[in-house]
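Summary of the model geometry
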Amino acid sequence: MIITELRSELDELAKDKGNVKNYNQFYKEKVKSRGLSGPVLQDVCKRFFVQVRGLEKNEICLLCEELLKSGYNDEAKIDCDWIYRLKKDYVKEDYDVFY
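Report on the accompanying structure. Because the structure is a prediction, the values reported are computed rather than measured. (Residues numbered from 1 in each chain as written. Predicted model: local features only at pLDDT ≥ 70, side-chain atom pairs only at ≥ 80, totals over all residues. Heavy atoms only, no water.)

1. Focus on the overall build of the protein chain
Selection rule: Starting at the N terminus, helices and strands are each numbered in turn, a helix being any DSSP run of H or I of at least four residues and a strand any DSSP run of E of at least two. Under the scheme applied here, a residue whose accessible area is under 20% of the maximum for its type counts as buried, over 50% as exposed, and between as partly exposed, the area being computed with a 1.4 Å probe on protein chains only. Contacts were defined at the residue level, with two residues in contact if any of their heavy atoms lie within 4.5 Å. Lys and Arg are tallied as positive, Asp and Glu as negative. Neither His nor the chain termini are counted. Just so you know, the charge point we use is NZ for Lys, CZ for Arg, CG for Asp and CD for Glu.
When its secondary structure is counted, the protein chain shows 5 helices and 0 strands. Moving toward the C terminus, one meets the helices and strands of the protein chain in the order α-α-α-α-α. Projected onto its principal axes, the C-alpha coordinates of the protein chain cover approximately 40 × 30 × 20 Å. Within the protein chain, buried positions represent 36% of all 99 residues. When contacts within the protein chain are restricted to residue pairs at least 6 apart in sequence, long-range pairs at least 24 apart make up 63% of them. In the protein chain, the 18 positive side-chain charges and the 19 negative ones have mean positions that sit 6 Å from each other.

2. Observations regarding the pattern of salt bridges
Formally: Take a side-chain nitrogen of Lys or Arg and a carboxyl oxygen of Asp or Glu: if they are within 4 Å of each other, that pair is a salt bridge.
Applying the stated rule across the entire model yields 9 salt bridges. For Lys15, the salt bridge is made with Glu12, and the minimal N-O distance between the two is 3.0 Å. With Lys15 and Glu12 both in helix 1 (residues 2–15) and 3 residues apart, the pair spans about one turn of that helix. A residue is classified by how much of its surface remains accessible, and Lys15, at 59% relative accessible area, is exposed. Close ionic contact of Lys69 with Glu65 constitutes a salt bridge, the shortest N to O distance being 3.6 Å. With Lys69 and Glu65 both in helix 3 (residues 57–69) and 4 residues apart, this pair spans about one turn of that helix. Classification of Lys69 as exposed rests on a relative accessible area of 66%. Connected through shared salt-bridge partners, Arg7, Asp11, Arg34 and Glu75 make up one network.

3. Some words on the state of the cysteines
Stated formally: For this text, the term disulfide refers to a pair of cysteine sulfurs within 2.5 Å.
This model, assessed by the stated rule, comprises 0 disulfides. Here Cys45 stays free of any disulfide, with the sulfur of Cys80 as its closest cysteine sulfur at 9.3 Å. Owing to a relative accessible area of 2%, Cys45 belongs among the buried residues under this scheme. Take Cys61: it sits in no disulfide, and the sulfur closest to it among the cysteines is that of Cys64, at 6.0 Å.

4. Re the environment of Ile3
Here Ile3 is to be found in helix 1. Placed 96 residues apart in sequence, Ile3 and Tyr99 show a C-alpha to C-alpha distance of 25 Å. Excluding residues within four positions of it along the chain, Ile3 makes contact with Leu63, Glu66 and Leu67.

Right under this line is the structure:
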């Protein structure tokens, strides 16, 4: 499954300390994050979106919802990236989901 592969990739990348930044210093509360740097995370977003691009919009949205439910900041960023990439496919009814 794509989500399992994605999470495995994120965990592997987080093992390399060169890919990780300490973002907790910017928050008062504890943030659940692997701490991957922006460029590394953006590369992952692009590579995995290629795999999901052929799916229906609602299927991609379900994957994004699963990413968001994890509570990880890194996965929420991927969710936002993928949702943004679908912007040309939105119809009026889709905006009800965001409100």
